[in-house]
2 protein chains.
Amino acid sequence: MPFPNKTGLKITHLDVKDVRFPTSLGGHGSDALHTDPNYSCAYVTTVTENGKRGFGLTFTCGRGTEIVVLAIRALKRFIIGKNASDIFADFSGFWRTITNDSQMRWIGPEKGVAHLAAAAILNSLWDLWARIENKPVWKLLELVSTIDFRYITDVITKDEAICMLKAKRAGKEERVQFLEENGYPAYTTQVGWMGYSDATVEELCRKYLDLGFTHFKVKVGRSVEDDVRRAGAVRKCIGEDKVLMVDANQAWDVEEAIDWMRQLAHLKPLWIEEPTSPDDVLGHAKIAEALKPYGIGVATGEMCANRVMFKQFLQSGGMQFCQIDSARIGGINEILSVYLMAEKLKEDNLTLKGTGSPSADITMRLNPVAVSKSSKVCPHAGGVGLCEMVQHLQFWDYASLSGTMEGRLVEYVDQQHEHFYDPCVVVNARYMAPKLPGYSTEFLPETLEKFTYPNGSEWKKMIKEGVFPAPDEAELVN
Amino acid sequence: MPFPNKTGLKITHLDVKDVRFPTSLGGHGSDALHTDPNYSCAYVTTVTENGKRGFGLTFTCGRGTEIVVLAIRALKRFIIGKNASDIFADFSGFWRTITNDSQMRWIGPEKGVAHLAAAAILNSLWDLWARIENKPVWKLLELVSTIDFRYITDVITKDEAICMLKAKRAGKEERVQFLEENGYPAYTTQVGWMGYSDATVEELCRKYLDLGFTHFKVKVGRSVEDDVRRAGAVRKCIGEDKVLMVDANQAWDVEEAIDWMRQLAHLKPLWIEEPTSPDDVLGHAKIAEALKPYGIGVATGEMCANRVMFKQFLQSGGMQFCQIDSARIGGINEILSVYLMAEKLKEDNLTLKGTGSPSADITMRLNPVAVSKSSKVCPHAGGVGLCEMVQHLQFWDYASLSGTMEGRLVEYVDQQHEHFYDPCVVVNARYMAPKLPGYSTEFLPETLEKFTYPNGSEWKKMIKEGVFPAPDEAELVN
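Just so we're clear, the structure is a prediction, and the values are computed from it rather than from any experiment. (Residues numbered from 1 in each chain as written. Chains lettered and ligands numbered in written order. Predicted model: local features only at pLDDT ≥ 70, side-chain atom pairs only at ≥ 80, totals over all residues. Heavy atoms only, no water.)

Colleague: Tell me what's going on with the overall build of chain A, and back it up with residues and numbers.
Modeller: When its secondary structure is counted, chain A shows 18 helices and 13 strands. Computed over its C-alpha atoms, the radius of gyration of chain A comes to 22 Å, within 12% of the 23 Å expected for a compact globule of 478 residues. Along the three orthogonal principal directions, the C-alpha set of chain A runs to about 70 × 60 × 45 Å. Counting across all 478 residues of chain A, residues that qualify as buried make up 68%. Within chain A, contacts between residues at least 6 apart in sequence are counted, and of these 75% link residues at least 24 apart. Summing over all exposed atoms, chain A offers an accessible surface of approximately 15000 Å²; the carbon and sulfur share of this is 52%. Once the 54 positive and 62 negative side-chain charges of chain A are each reduced to a mean point, those two points are 4 Å apart. (Helix = DSSP H or I, 4+ residues; strand = E, 2+ residues; numbered from the N terminus. Rg over C-alpha atoms; globule rule 2.2 N^0.38 Å. Buried < 20%, exposed > 50% of the residue type's maximum accessible area, 1.4 Å probe, protein only. Contact = heavy atoms within 4.5 Å. Areas by Shrake-Rupley, 256 points an atom, 1.4 Å probe, with all protein chains shown as cover. Lys, Arg positive; Asp, Glu negative; His and termini not counted. Charge placed at Lys NZ, Arg CZ, Asp CG, Glu CD.)

So, in structure tokens, the structure goes:
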């Protein structure tokens, strides 16, 4: 086990703050369903007896952050007084404790507020662990023992995961070196927020082309005409040799998504992201099937609730691009299981675990065409701290699991990085390897002073000036 | 619209209380994953300017109720100051407002804490509406206009729903009369909580046989041997002519569920309830397929997050028994859509909406065998107030939608009814028709005085005596 010396690692404090940025003022982050997000987070600091600290966050969009903050406070009972080394020694057991408490699981389970809260705590623990080990998180992760395989053993077992990782040990050092020298490809979502004017969109296209970007994502879903015009402008600006993706943020019903995308097909998007409800596995599979003749894949995942939902998207062929989110599902522990399932189903896509029983291989019969597809993990990022976190995960995947960058890239949005002590660095449209110990999610002290809601200095000022209304009763609770 | 006179219907107050009952002391409600539930609820009272009141609740299991309470307080901004008649005139619009606020939807969407909170408020509004109309809720519901059909139009549209209800108008008066004279069949879960001793199980079997029950449910999933013994004891006691159901409360992985149930098949259970993760549509479909030769159906729904998840369970054949829960998904508005989908897919199961497009009828190919099955709605109940609410829904279904009781029955647990002003009445294993105006969820004043957490008189006493620990920091927040 990693901690021969436990002394001083008892967790004595867990602090949580409601931190919000007034991004709605500029239309940044606006899309078909999220018209005025204030990018925010619930920010956790975990402190041990000997003064070690771990920082973790879960992304939110403004209103409602106070609910996640309270949920984190409710989970403190499972962590205060525990020795961090005991947690890391049985991390999957601890994971189950905080995600499946016998009374609290009713208000999830493993989804929504409860799971966002668990993610913030888990992220702070991974940060703590990496700092203790003096490594960036992406160099820490070989740790199948941290994963709770419950509900996914029909796709992957712990033993299979261990075998897959062992098989990729060869060449790992070279891949790590490659990452340190060359980084990992990124794409930009910065050119096409729905709230931006056409002039802004064109100006941003030119800017990001100059910065070396080759993949550009545009928000769609408000009106077909508007989408054709805006996405068309981007296509014209970036040319035929660059790649366009479109993102509907759940705006459509299933048939509507298919009809709408046929009208955008001439713009040759690589993917349609979140065409419909994030819960509709079968709907996504149907859309993917219908759009296959047009060469358009389906991307989703930023609101996919947990590993069980990801499992089904991967099984059904409803997800050609798997957009894991570093703060929605239950921390790195659960995200690793999604990477492993994506890799397993890629390797193994026509021989899904059969038992010889009458129930075997129904998965294949459920969708014989789609199961033969594999899914590329292209993490969701942006928001607050998501770019900082997912870079670690994707670097780990290349170094330790998939061993390839083919068809994979990480979302990049150039916002809110200035608030972090160790912000992600994107050069020539590539994420550079994080070097400092931890998970890159520590805020600068002045950020907390200014943007803690509602009593940070910037919020006090904006509320006083009437830029934003005063917080309501619920928001004052924490 | 139903309210020609809006005067006085402005909503001026919404109060929410954390109400908990110490049910863990007796092992009531214990199952494979919920070992010590304190059946609880977040209890909403909505008050209009002219003093009309509506009562609504969402069921919880103890710890974490404070989070749902805060979420309800956060939703007050969308309701205080609105005229109730305006809400009822565009109830589907109001539904979308409180379930899909552009900032708050990130912490759901439409699931977990956020959706439980919305449900409590919506339930109070339905109670208010029925009281204003001076009818029990089950006589109020003809109201397709209250449903948000987003994300389900690939199975049912608003126009189709209207047609289905119109077609069932014939005979409705006779069915209402039948319900008023004969009630609706119930089954009991009271004989087989996991925490009960064998002697208690046998004693309860005899008691409920004497009360006229014909259907008995037993908790399983802790160990096969224990399950065979306990469920076997129930089977022996009730005989071969009565019906046994078993409930695993999500204890198993997919393959494990199939293997385990083969070992219980000789006891001839009608259904296995919640064999695995409540999110695993494809897993349930696989289990249903494997258990079909044994004549065992799959039941689930009490933790099914929303109508989109229900839609897929119904499409995939993973749910032979559809266990809607009156407090988990977004109020009656959303529950009606589940009843409508179940009825539509029953009527229409081999001709799911095709468009003539290449995408048409993939649903059938996803699972050709299972789609041909229909699902019977057998509501989940028990907990706190769930029996009181679901009786209204199932009475409505018989009177206005399905027009049949064949293969359908409502769960009944004889606990926590004494706290209600208008408790459900079960006679001869049948729910008697609710007569009073509203949704039957108003608590007696003494219940609130005793069991409001943590300051009710009973809680103060139990905490003082050390029967339960003092509330923690988060629980003191509201």
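Colleague: Pulling in residues and values, what's your account of unusual backbone geometry?
Modeller: The linkage connecting Tyr453(A) with the following residue, Pro454(A), adopts the cis geometry, with an omega of -5°. Along the chain, the position of Pro454(A) falls in the loop between α17 (445-451) and α18 (457-464). With a phi close to 75°, Tyr151(A) is a non-glycine residue in the positive phi region. Summarising the element assignment, Tyr151(A) is placed in the loop between α5 (137-140) and α6 (158-167). One non-glycine residue, Asn428(B), lies in the positive phi region at around 55°.

Colleague: Account for the interface of chain A and chain B, naming residues and giving values.
Modeller: Tallying the contact residues gives 88 residues for chain A and 88 residues for chain B. In total, about 7900 Å² of surface goes out of reach between chain A and chain B, with carbon and sulfur atoms giving 57% of it. Summed over the three residues of chain A that lose the most area to chain B, namely Arg63(A), Gln103(A) and Trp106(A), the buried surface amounts to 13% of that side. Our count for the chain A to chain B interface comes out at 14 salt bridges. Taking the shortest distance from any N to any O, the salt bridge between Arg73(A) and Glu473(B) comes out at 2.6 Å. On inspection of chain A and its partner chain B, the count reaches 44 residue pairs in polar contact (both at pLDDT 80 or more). Contributions of two or more residues to the side of chain A that touches chain B are made by β3 (53-60), α1 (65-75), α4 (112-133), α10 (254-264), α11 (281-291), α12 (307-316) and α14 (362-366) of chain A. (Buried area = accessible area lost by both parts, 1.4 Å probe. Salt bridge = Lys/Arg side-chain N within 4 Å of Asp/Glu carboxyl O. Polar contact = N/O pair within 3.5 Å; in protein donor to acceptor, adjacent residues only side chain to side chain.)

Colleague: I'd like a description of the packing of aromatic side chains, backed by residues and values.
Modeller: All names here are of chain B. Considering all chains together, one arrives at 50 aromatic pairs over all chains under this definition. Taken together, a centroid distance of 6.3 Å and an interplanar angle of 5° make the contact between Phe 213 and Tyr 412 stacked. Of this pair, Phe 213 sits in the loop between α8 (198-210) and β5 (215-219) while Tyr 412 sits in strand β11 (residues 410-412), and the two are 199 residues apart along the sequence. Aromatic pair Trp 252 and Trp 260: ring centres 5.0 Å apart, planes at 35°, arrangement tilted. Each member of the pair, Trp 252 as well as Trp 260, carries the same accessibility label: buried. (Phe/Tyr/Trp six-rings, centres within 6.5 Å; stacked < 30°, edge-to-face > 60°.)

Colleague: Could you give an account of the pattern of salt bridges, naming the residues involved and the relevant values?
Modeller: All names here are of chain A. Scanning the entire structure with this criterion turns up 72 salt bridges over all chains. Among the salt bridges present, the one from Lys 139 reaches Glu 180, with a minimum N-O distance of 2.4 Å. Of the two residues, Lys 139 is situated in helix α5 and Glu 180 in helix α7 (residues 172-182); the sequence distance between them amounts to 41 residues. A relative accessible area of 40% means that Glu 180 is categorised as partly exposed.

Colleague: Talk me through the sheet that holds strand β1 (residues 11-20) of chain B; I want residue IDs and the actual numbers.
Modeller: Residue and element names in this part refer to chain B. Strands sit in the order β1-β2-β3 across an open sheet of 3 strands; the sheet is antiparallel. A strand with exactly one partner marks an edge of an open sheet, and here the two such strands are β1 and β3 (53-60). Ignoring which end each strand starts from, the neighbouring axes of this sheet average 15° apart. Relative to strand β2 (residues 40-48), β1 runs antiparallel, the two being bridged by 9 bridges. When the bridges of β2 are listed, Leu 14 appears paired with Thr 46. (Pairing = 2+ DSSP bridges. Axes fitted to C-alpha atoms, helices over the stretch in contact; angles between N-to-C directions.)

Colleague: Lay out the domain arrangement of chain A in plain terms, naming residues and giving numbers.
Modeller: All names here are of chain A. Segmenting chain A into domains produces domain 1 (11-146 + 456-476) and domain 2 (158-431). Centre-to-centre separation of domain 1 and domain 2, based on C-alpha positions: 24 Å. Each partner contributes to the interface: domain 1 provides 38 residues, whereas domain 2 provides 47 residues. Interface of domain 1 and domain 2: buried area, both sides summed, is about 3500 Å²; carbon and sulfur atoms make up 65% of it. Of all residues in domain 1, Trp 138, Leu 141 and Val 144 bury the most surface against domain 2, accounting for 20% of the area lost on that side. Summed over the shared surface of domain 1 and domain 2, the result is 2 salt bridges. Between Glu 110 and Arg 307 there is a salt bridge, with its nearest N and O atoms 2.7 Å apart. Here domain 1 and domain 2 share 12 residue pairs in polar contact (both at pLDDT 80 or more) between them. Secondary structure elements with two or more residues in the side of domain 1 that touches domain 2: β2 (40-48), β3, α3 (91-99), α4 and α5. For the side of domain 1 that touches domain 2, the leading source of residues is α4, giving 6 residues. (Domains from an automatic or database assignment.)

Colleague: Account for the relation of the copies chain A and chain B, with residues named and values stated.
Modeller: Each copy of the chain is related to the other by a rotation around an axis and a translation along that axis. Once chain A has been moved 0.0 Å along the axis and rotated by 180°, it coincides with chain B to within an RMSD of 0.0 Å. Here the transformation between the copies is reduced to the relation of a two-fold axis. Residue by residue, 100% of the interface of chain A is reproduced at the interface of chain B, so both copies engage with the same surface. (Least-squares fit on C-alpha atoms with pLDDT ≥ 70 in both.)

Colleague: Now, about the sheet that holds β2(A): what can you tell me, with residues and values included?
Modeller: All names here are of chain A. Spatial strand order, β1-β2-β3: 3 strands in an open sheet with antiparallel pairing. The open sheet terminates on both sides in strands that have one partner only, identified here as β1 (11-20) and β3. Adjacent strand axes in the sheet meet at a mean angle of 15° when their direction is disregarded. Relative to β3, β2 is paired through 8 bridges, and the arrangement is antiparallel. For Thr 46, the partnering residue across the bridge sits in β3 and is Gly 54. Running at roughly 175° to β1, α1 makes contact with β1, β2 and β3 of the sheet.

Colleague: Can you lay out the environment of Cys237(B) for me, pointing to particular residues and giving the numbers?
Modeller: All names here are of chain B. Position of Cys 237 relative to the elements: it lies in helix α9 (residues 224-238). Here Cys 237 falls in the partly exposed class, since its relative accessible area comes to 24%. Taking the C-alpha atoms as reference points, Cys 237 and Met 341, 104 residues apart in sequence, are found 37 Å from one another. If sequence neighbours within four positions are ignored, Cys 237 has contacts with Glu 202, Cys 205, Arg 206 and Leu 209.

Colleague: Account for the side chain of His284(A), naming residues and giving values.
Modeller: Residues and elements named next belong to chain A. With respect to the helices and strands, His 284 occurs in helix α11. On the accessibility criterion, His 284 (0% relative accessible area) is buried. At a separation of 2.8 Å, a polar atom in the side chain of His 284 contacts the main-chain carbonyl oxygen of Asp 280. Setting aside residues up to four positions removed in sequence, His 284 forms contacts with Pro 275, Thr 276, Ser 277, Pro 278, Val 298, Thr 300, Phe 313 and Gly 318.

Colleague: Lay out the pairing of β5(B) with the relevant residues and their values.
Modeller: A regular strand places its side chains so that they alternate between the two faces of the sheet. Residues and elements named next belong to chain B. The buried fraction of β5 amounts to 5 of the 5 residues, a majority that puts the element mostly inside the structure. The two faces of β5 match: His 215, Lys 217 and Lys 219 on one face and Phe 216 and Val 218 on the other face are all buried. Sheet topology note: the strand β4 (residues 184-192)/β5 ladder contains 2 bridges and is parallel. Within β5, the residue paired with Thr 188 across the bridge is Phe 216. Viewed along the sheet, the connection from β4 through α8 into β5 turns out right-handed. (Right-handed = clockwise from strand over helix to strand, strands pointing away.)

Colleague: For the packing of helix α11 (residues 281-291) of chain B against helix α12 (residues 307-316) of chain B, give the residues involved together with the corresponding values.
Modeller: Residue and element names in this part refer to chain B. Their axes nearest at 9 Å, the elements α11 and α12 cross at an angle of 25°. Taken as axis vectors, α11 and α12 run roughly parallel relative to one another. Here α11 runs over α12; the crossing is right-handed. Contact with α11, carried on its side by Val 281, His 284 and Ala 285, involves Met 309, Gln 312, Phe 313 and Ser 316 of α12 and no other residues of that element. Taken together, the residues that form the contact of α11 with α12 break down as 4 nonpolar, 3 polar and no charged. (Parallel < 35°, antiparallel > 145°, perpendicular 65-115°, else oblique. Left-handed = near helix turned anticlockwise from the far one by under 90°. Nonpolar A, V, L, I, M, F, W, Y, C, P; charged D, E, K, R; others polar.)

Colleague: If you had to explain the packing of α8(B) against α9(B) to someone new, which residues and values would you point to?
Modeller: Residue and element names in this part refer to chain B. α9 packs onto α8 with a crossing angle of 30° between their chain directions and a minimal axis gap of 10 Å. The angle between α8 and α9 falls in the class roughly parallel. In this structure, α8 crosses over α9, and the sense of that crossing is right-handed. On the side of α8, the interface is formed by Asp 198, Val 201, Glu 202, Cys 205, Arg 206 and Leu 209, while α9 contributes Arg 229, Arg 230, Val 234, Cys 237 and Ile 238. Of the residues contributing to the contact of α8 with α9, the split by class is 6 nonpolar, no polar and 5 charged.

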